[in-house]
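Next come the chains, spelled out residue by residue.
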2 protein chains.
Amino acid sequence: MPRTTDGDGTPVPQRLLAAATRLFAERGYDRTSVQEIVEAAGVTKGALYHYFGSKDDLLHEVYARVLRLQQERLDAFAGGDAPVERRLREAAADVVVTTIDNLDDASIFFRSMHHLSPEKNKQVRAERRRYHERFRALIEEGQKAGVFSTDTPADLVVDYHFGSIHHLSTWYRPDGPLTPQQLADQLADLLLRALRP
Amino acid sequence: MPRTTDGDGTPVPQRLLAAATRLFAERGYDRTSVQEIVEAAGVTKGALYHYFGSKDDLLHEVYARVLRLQQERLDAFAGGDAPVERRLREAAADVVVTTIDNLDDASIFFRSMHHLSPEKNKQVRAERRRYHERFRALIEEGQKAGVFSTDTPADLVVDYHFGSIHHLSTWYRPDGPLTPQQLADQLADLLLRALRP
DNA sequence: GACGACATACCGACTGGTTAGTCTGCTGAG
DNA sequence: CTCAGCAGACTAACCAGTCGGTATGTCGTC
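Given the structure is predicted, the values throughout are model-derived calculations rather than measurements.

Novice: Hey, could you run me through the overall build of chain A in this one?
Specialist: Broken down by element type, chain A carries 10 helices and 0 strands. From first element to last, N terminus to C terminus, chain A shows the α and β order α-α-α-α-α-α-α-α-α-α. Dimensions of chain A along its principal axes, counting C-alpha atoms only, are 60 × 40 × 30 Å. A burial count over chain A gives 35% of its 197 residues as buried. Residue pairs in contact within chain A that sit at least 24 positions apart in sequence constitute 71% of those at least 6 positions apart.

Written out as structure tokens, the structure is:
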């Protein structure tokens, strides 16, 4: 196996993914040429098409990564044994923090999903639905227990909350007055306050 | 002046805008060729470049139209003399209904803004800021009057609410169980409940 | 009320530039 | 010797915008 790492230590496929993520977020999927990606990664097209089937595949990988990460974290928070308000609050805040930590992925997510091929799009949607469903179950649990208001259907609450989060990349300013954690707490607060009976 | 309406009754520039709006929302700005737009509008490139300076101009027009509409409506609601909770609730619900009425515009808005030329982008952002500012002022008015909680900064509340609204085009289903007005009322309720002291 | 001058509205072939993906072949490790 | 790992020239397709041309209307003039 000849050098897979070239100059720096990271293997080529990861370098390509990182470059693609940054560029997709910066200029959008269609405005980013394959040529630019391989240059940013310090390789050539041969390398890219050796590891990935198409430009589309690259985009799909970005999604797969972020979905996997978020699902894992949500499961961890939701599955605890603290009271349901606490679990929901922590899960809601955590997704804000991790979204800010990966703002590039977030902005790609909400701007470029429709660029995926139909099948891949379907697959991503299915995984996302699973994620939302887990979140919704948490809210319904609280509603059944009587600690959350039942005035609004749980799935609406979920869509409301995640709408804002997916838009974080539009309005979040790293140089703003709040740290990511503070912002996350504020948003979780808003959600919990909206759910008070 | 030769026939400006051709077969149907609408003038060519409006036909072009309508076709562009639909196609941009459907496949995205970059995936829509000028050729497709003119074909959908039943004219040719000559006509398009007669009325618009560039493809970019077309996109900008879409934004200008929706911004104008929303600003007008917000001003009307916010400027009334009902109590502030009532004005905020109605404004918050109205923007949901008009967004649903123009879902194409909404999805273009949140996916394609970065395709605008830098100056036009700046212009659109400035107008949008004005809009948000007006909305924020309404919330601050209520906070000063003591009817809204001051736990969350008003601008955060605005971003939270509009994040969801800009995402409506992603999760709203016309065949869902709620009418647009019902959905709007629910979301306005969520906002108002989150603002309870 | 005819006639020319000018403007507006539009047509469609063409150009220069870009792009995703292919393919042949080189290189070095095992 | 072999084959994964890559290089980079090449191709076929596409696309925004241009431009010379035509048809249809308006306006001033006599």
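Novice: Please clarify how the relation of the copies chain B and chain A should be interpreted in this entry.
Specialist: A rotation about some axis, followed by a shift along it, carries one copy of the chain onto the other. Here chain B sits on chain A after a turn of 180 degrees about the axis and a move of 0.0 Å along it, with an RMSD of 0.1 Å. The operation mapping one copy onto its partner corresponds to a two-fold rotation axis. Across chain B, the smallest distance between a C-alpha and the rotation axis is recorded for A194 of chain B, namely 2.0 Å. Looking at chain B, 100% of its interface residues are interface residues in chain A too, so the copies touch through the same face.

Novice: Which parts of the structure should I look at to understand the interface of chain B and chain A?
Specialist: Interfaces are frequently sized by the accessible area removed from exposure as the parts join. At the junction of the two partners, chain B supplies 23 residues and chain A supplies 24 residues. Of all the secondary-structure elements, those providing two or more residues to the side of chain B that touches chain A are helix 8 (154-166) and helix 10 (180-194) of chain B. Broken down by element, the residue count for the side of chain B that touches chain A peaks at 7 residues, all from helix 8 of chain B. For the side of chain B that touches chain A, the per-class residue count stands at 7 nonpolar, 8 polar and 8 charged.

Novice: Just to check I follow, could you spell out helix 6 (residues 103-112) of chain B for this structure?
Specialist: Three- or four-residue spacings in an α-helix give side chains the same orientation, since the helix completes a turn every 3.6 residues. For helix 6 of chain B, the tally of buried residues reaches 8 of 10 residues, placing the bulk of the element in the interior. Listed in full, the buried residues belonging to helix 6 of chain B are D105, A106, S107, I108, F109, F110, R111 and S112 of chain B. Along its buried surface, helix 6 of chain B packs onto helix 6 (103-112) of chain A together with helix 1 (12-27), helix 4 (55-78), helix 5 (84-101), helix 8 and helix 9 (168-171) of chain B.

Novice: Any chance you could explain the packing of helix 5 of chain B against helix 10 of chain B here in plain terms?
Specialist: In helix packing, the relevant descriptors are the interaxial angle and the interaxial distance, both defined with respect to the helix axes. Residues and elements named next belong to chain B. Here helix 5 crosses helix 10 at 140 degrees, and the two axes come no closer than 8 Å. The angle between helix 5 and helix 10 falls in the class oblique. For the crossing formed where helix 5 meets helix 10, the hand is right-handed. Contacts from E85, R89, A92, A93, V96, V97 and I100 of helix 5 reach helix 10 at P180, Q181, L183, A184, D185, L187, A188, L191 and L192.

Novice: For this particular structure, what's the right way to read the nonpolar core?
Specialist: Generally speaking, a soluble globular protein has its nonpolar side chains buried in company with each other. Grouped together as the largest cluster of nonpolar side chains are 95 residues, with contacts concentrated most on L187 of chain A together with L187 of chain B. In this view, L187 of chain A contacts A92, V96 and S164 of chain A together with Y160 of chain B; residues no more than four positions away in its chain are not counted.

Novice: Would you explain the UniProt feature "DNA-binding region" (unreviewed entry) in chain A in this entry?
Specialist: Per the UniProt annotation, the sites labelled "DNA-binding region" (unreviewed entry) are residues 33-52 of chain A. The span residues 33-52 of chain A carries 75% helix and 0% strand; its end-to-end C-alpha distance comes to 15 Å.

Novice: Just checking my understanding: could you explain the confidence of the model for chain A for this structure?
Specialist: In regions of low pLDDT, the predicted coordinates are not meant to be interpreted in detail. The predicted model of chain A has a mean per-residue pLDDT of 91, with 96% of residues at 70 or higher. Within the model, the stretch residues 1-7 of chain A combines pLDDT values under 50 with 6 contacts to residues more than four positions away or in other chains.

Novice: What am I meant to see in the environment of I37 of chain A here?
Specialist: Residue and element names in this part refer to chain A. Tracing the sequence through the fold places I37 in helix 2 (residues 34-41). The class for I37 is buried, based on 25 C-beta atoms found within 10 Å. Distance from I37 to V84, taken between C-alpha atoms, is 44 Å for residues 47 residues apart in sequence. Sequence-distant contacts of I37, defined by excluding residues within four places in its chain, comprise L16, A19, A20, L23, T32 and L48.

Novice: Just to check I follow, could you spell out the packing of helix 1 of chain B against helix 4 of chain B for this structure?
Specialist: Residue and element names in this part refer to chain B. Between helix 1 and helix 4, the least distance of the axes is 10 Å, while the angle of their chain directions is 90 degrees. With respect to their mutual orientation, helix 1 and helix 4 come out roughly perpendicular. Along its contact with helix 1, which presents L17, A20, T21 and F24, the element helix 4 presents L58, L59, E61 and V62. Looking at the contact of helix 1 with helix 4 residue by residue, the classes come out as 6 nonpolar, 1 polar and 1 charged.

Novice: Help me out: how do you make sense of helix 1 of chain B in this one?
Specialist: Along its 16 residues, helix 1 of chain B runs 22 Å from first to last C-alpha, staying within 8% of the 22 Å computed at 1.5 Å per residue. Within two residues after helix 1 of chain B, G28 of chain B carries a phi angle of roughly 90 degrees, on the positive side.

Novice: I tried to follow the environment of L17 of chain B on my own but got confused; where do I start?
Specialist: All names here are of chain B. Locating L17 in the fold gives a position in helix 1. Accessibility expressed as a C-beta count within 10 Å gives 19 for L17, which makes it partly exposed. The spatial distance from the C-alpha of L17 to the C-alpha of L59 is 8.6 Å, given a sequence separation of 42 residues. What L17 contacts, discounting residues up to four positions off in sequence, is L58, E61 and V62.

Novice: Whenever I open this one, the environment of L16 of chain B confuses me. Can you help?
Specialist: Structurally, the position occupied by L16 of chain B is in helix 1. Those residues in contact with L16 of chain B, other than ones at most four positions away along the chain, are I37, A41, L48 and Y51 of chain B.

Criteria and thresholds
Residues numbered from 1 in each chain as written. Chains lettered and ligands numbered in written order. Predicted model: local features only at pLDDT ≥ 70, side-chain atom pairs only at ≥ 80, totals over all residues. Helix = DSSP H or I, 4+ residues; strand = E, 2+ residues; numbered from the N terminus. Buried ≥ 20, exposed ≤ 12 C-beta atoms within 10 Å, placed from the backbone. Contact = placed C-beta atoms within 7 Å. Least-squares fit on C-alpha atoms with pLDDT ≥ 70 in both. Nonpolar A, V, L, I, M, F, W, Y, C, P; charged D, E, K, R; others polar. Axes fitted to C-alpha atoms, helices over the stretch in contact; angles between N-to-C directions. Parallel < 35°, antiparallel > 145°, perpendicular 65-115°, else oblique. Left-handed = near helix turned anticlockwise from the far one by under 90°. Core = buried A, V, L, I, M, F, W, Y, C linked by C-beta atoms within 7 Å. UniProt positions renumbered as here; feature names shortened; annotations may be inferred. pLDDT = per-residue confidence, 0-100. Expected span 1.5 Å × (residues − 1).

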